[in-house]
Amino acid sequence: MIIDRIEEQERYYALHPDMEQAFAFLAEAPDLDAGRYELENGLFATVSEGDTCPIGPVNLESHKKYIDLQYCIAGGERMAWAHIQELNRVCSDPEHDNYFYTGTSTSVSIRPGMFYIMFPSDGHKSGCHHEFQKHYRKVVVKIPVEKE
């Protein structure tokens, strides 16, 4: 897992051949309507907005086929994280590349201008809050781990 500010994006381009393309899409995202966007090289993105839900005991998810690059455009959220080796898998949906877990996690505040990168070993839950509900606008870029 990586958490940083968008101004620091260049230091992460070397993590994956398509990381720079993923970050380039983030620059366009604030002006785009909510929805799914197909990008080159098997990447796709979703621009969304909504209201956070209580963090409470959360089920975390992970993905084997994609790296998530999540960017907060407006509002804010709490994001829960734990390494999947420290969690208990409760169910799987391989067709949609979703694996769900329970267990203890750490939460972090994500504010506008911040991004986080989740790798296949990162269990995560986004769009949460501790005390007060917030409205957020964000983009998630899915970066294939391997080329098909």
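The following paragraphs examine the structure supplied in this document. Note that the coordinates shown come from a computational prediction; the quantities given were computed from them, not determined experimentally.

As a further point, take helix α1 (residues 19–28). Within α1, the full set of buried residues consists of Met 19, Ala 22, Phe 23, Phe 25 and Leu 26. Along the axis of α1, the buried positions cluster into a sector of 150 degrees, meaning they face one direction only. Check the buried side of α1 and you find it contacts β2 (35–38), β3 (44–51), β6 (66–74), β11 (114–118) and β13 (135–144).

Locating Gly 76 in the fold gives a position in the loop between β6 and β7 (77–83). With 24 residues separating them in the primary sequence, Gly 76 and Thr 52 have C-alpha atoms 8.5 Å apart. The contact partners of Gly 76, leaving out residues within four places of it in the chain, are Thr 52, Ile 110, Lys 134, His 135 and Tyr 136.

Here the focus is the pairing of strand β1 (residues 2–5). Residues Ile 2 and Asp 4 line the buried face of β1, whereas the alternating positions Ile 3 and Arg 5 sit on a face that is not buried. In the sheet, β1 pairs with β11 via 4 bridges, with the strands oriented antiparallel. Bridge assignment links Asp 4 to a residue of β11, and that residue is Phe 115.

On to the packing of aromatic side chains, then. What the rule picks out here adds up to 5 aromatic pairs. Ring geometry for Phe 25 versus Tyr 37: centroids 5.8 Å apart, planes at 50 degrees, classification tilted. With a gap of 12 residues between them, Phe 25 in helix α1 and Tyr 37 in strand β2 connect regions that are remote in the sequence. Accessibility expressed as a relative area gives 5% for Phe 25, which makes it buried. Judged by centre distance (5.4 Å) and plane angle (80 degrees), the ring pair of Phe 44 and Tyr 66 falls under edge-to-face. Of this pair, Phe 44 sits in strand β3 while Tyr 66 sits in strand β6, and the two are 22 residues apart along the sequence. On the basis of relative accessible area, Phe 44 is assigned to the buried category, the value being 13%. Note on Tyr 66: relative accessible area 19%, which makes it buried. Joined through ring pairs, the aromatic side chains of Tyr 12, Tyr 13, Phe 23 and Phe 115 make up one cluster. Positioned over the ring face of Phe 44 is Arg 36, at 3.8 Å from the centre of the ring.

What counts and how
- Residues numbered from 1 in each chain as written.
- Predicted model: local features only at pLDDT ≥ 70, side-chain atom pairs only at ≥ 80, totals over all residues.
- Heavy atoms only, no water.
- Buried < 20%, exposed > 50% of the residue type's maximum accessible area, 1.4 Å probe, protein only.
- Helix = DSSP H or I, 4+ residues; strand = E, 2+ residues; numbered from the N terminus.
- Arc of directions from axis to C-beta.
- Contact = heavy atoms within 4.5 Å.
- Pairing = 2+ DSSP bridges.
- Phe/Tyr/Trp six-rings, centres within 6.5 Å; stacked < 30°, edge-to-face > 60°.
- Lys NZ or Arg CZ within 6 Å of the ring centre and 35° of its normal.

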